[in-house]
Amino acid sequence: MKTIRLGLISLIIASIGLFSFSEIIGGYTADYLDYGVGARYLAMGGVGRTIATDANAGYWNPALLPQVSDVSLSGMTTTLMGMTKYNQMAVSIPLNENDAIAGTYIGLNVDGMELHGINYEPTTTPEGYFSTQKNALMFSYGHKMNPNFNVGVTAKYGNRNVYNSQDSVFAVDAGTYINFGAIQCGGTVRNLFAVKMGDQTDDNYELDFDLGASAQMNAFLFSFDVARIMRKNTSFYLGAEYSAISIKDSFDLKFRGGINPNELSVGLGIQTTPVFFDYAFMIR
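Residues numbered from 1 in each chain as written. Predicted model: local features only at pLDDT ≥ 70, side-chain atom pairs only at ≥ 80, totals over all residues. Heavy atoms only, no water.

Caption draft 1: The overall build of the protein, seen in detail. For the protein, the count of helices and strands is three helices and 14 strands. Considering the protein as a whole, with its 284 residues, one finds that 48% of them fall into the buried category. Restricting the contact set of the protein to residue pairs at least 6 apart, pairs at least 24 apart contribute 52%. On the protein, roughly 13700 Å² of surface is accessible, and the fraction owed to carbon and sulfur atoms is 62%. (Helix = DSSP H or I, 4+ residues; strand = E, 2+ residues; numbered from the N terminus. Buried < 20%, exposed > 50% of the residue type's maximum accessible area, 1.4 Å probe, protein only. Contact = heavy atoms within 4.5 Å. Areas by Shrake-Rupley, 256 points an atom, 1.4 Å probe, with all protein chains shown as cover.)

Caption draft 2: How the structure looks around the pairing of strand S8 (residues 183-198). Alignment of strand S7 (residues 165-179) against S8, held across 12 bridges, turns out to be antiparallel. Following the sheet pairing, Ile178 is matched in S8 by Cys185. The loop that links S7 with its antiparallel partner S8 comprises three residues; one of these, Gly181, has a positive phi angle of about 95 degrees. Pairing analysis gives eight bridges linking S8 to strand S9 (residues 208-217), with the strands arranged antiparallel. Note on S9: the bridge partner recorded for Cys185 is Ala213. (Pairing = 2+ DSSP bridges.)

Caption draft 3: Expanded view of the nonpolar core. The biggest cluster of nonpolar side chains holds 34 residues, and the ones touching the most others in it are Tyr32, Tyr86, Ile106 and Leu108. Counting residues per element, the ones that place at least two in this core are helix H2 (39-43), helix H3 (57-60), strand S2 (72-80), strand S4 (99-115), strand S5 (128-146), strand S10 (220-227) and strand S14 (275-283). In contact with Tyr86, other than residues within four places in its own chain, are Tyr32, Tyr35, Gly36, Val37, Met76, Thr77, Thr78, Leu80, Ile106, Gly107 and Leu108. (Core = buried A, V, L, I, M, F, W, Y, C linked by side-chain atoms within 4.5 Å.)

Caption draft 4: Quick look at a nonpolar patch on the surface. Residues Tyr157, Phe170, Leu192, Phe193, Val195, Met197, Leu207 and Phe209 make up a contiguous nonpolar surface patch of roughly 730 Å² in combined accessible area. Residue contributions to the nonpolar patch peak at four residues, all from S8. When you line up the elements, Leu207 lands in the loop between S8 and S9. (Patch = residues over 30% accessible without salt bridge, like charges linked within 9 Å, V, L, I, M, F, W, Y side chains within 5 Å. Salt bridge = Lys/Arg side-chain N within 4 Å of Asp/Glu carboxyl O.)

Caption draft 5: Looking closely at the environment of Leu80. Along the chain, the position of Leu80 falls in strand S2. Look at Leu80 and you get buried, because its relative accessible area is 3%. Separated by 30 residues in the primary sequence, Leu80 and Val110 place their C-alpha atoms 9.8 Å from one another.

Laid out in structure tokens, this is it:
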């Protein structure tokens, strides 16, 4: 019977001064799909396209799923700006030695938003309150073509509900993973196909390419990604992980750090098989 790995991930994001309030709850329908998931990968600067070894592989690069040999469960929670709740859950299941599937849920919500000027007249006293909600489901499949080359695909649906307006998007991503031995490479093509639904918006779901490479050097793991997220310019993401204490497969203590144009990040990971706890602290 395969080991069930339960990832209990706690993420705290601090000093998000560069994010305006509108960027947190507004933006385009599925902007939150670019925020990143998994405290391990966020602690390493937002890398993950070649190193995701748990259920979060479905999010970062579906071609990594065949590398996850056991059933894996993962969850993450944090609060942005002190009021926006950001939650994520994922599960991956190997079907055989060459195929694996995964499902991912991502949700953001803000309660107690004030309504002003409902009747087109500015008001100082709230005329009511409403909630903003964003939810997404991702279904991923990965296939090992040969011992050193994988491919994968992800279908994702994102929905946004703001007061009395609602819109959504359905899109498809594809990924690849190549193992060169000392170096692993991979990447994704995002929004190969995208369809908008619901209320009319000006949102554009452009074709994007993400690339990454990683190398394991004794107790150190280094990873470097190049990606464009949040519809901004192409940026780099650099991370490192150091295995400080490793006792066979029963206990592991890892320290992590990372950098990208928007933030510095640090974190740690504790493994007591089959449970993993990961923590990330991000300074923006």
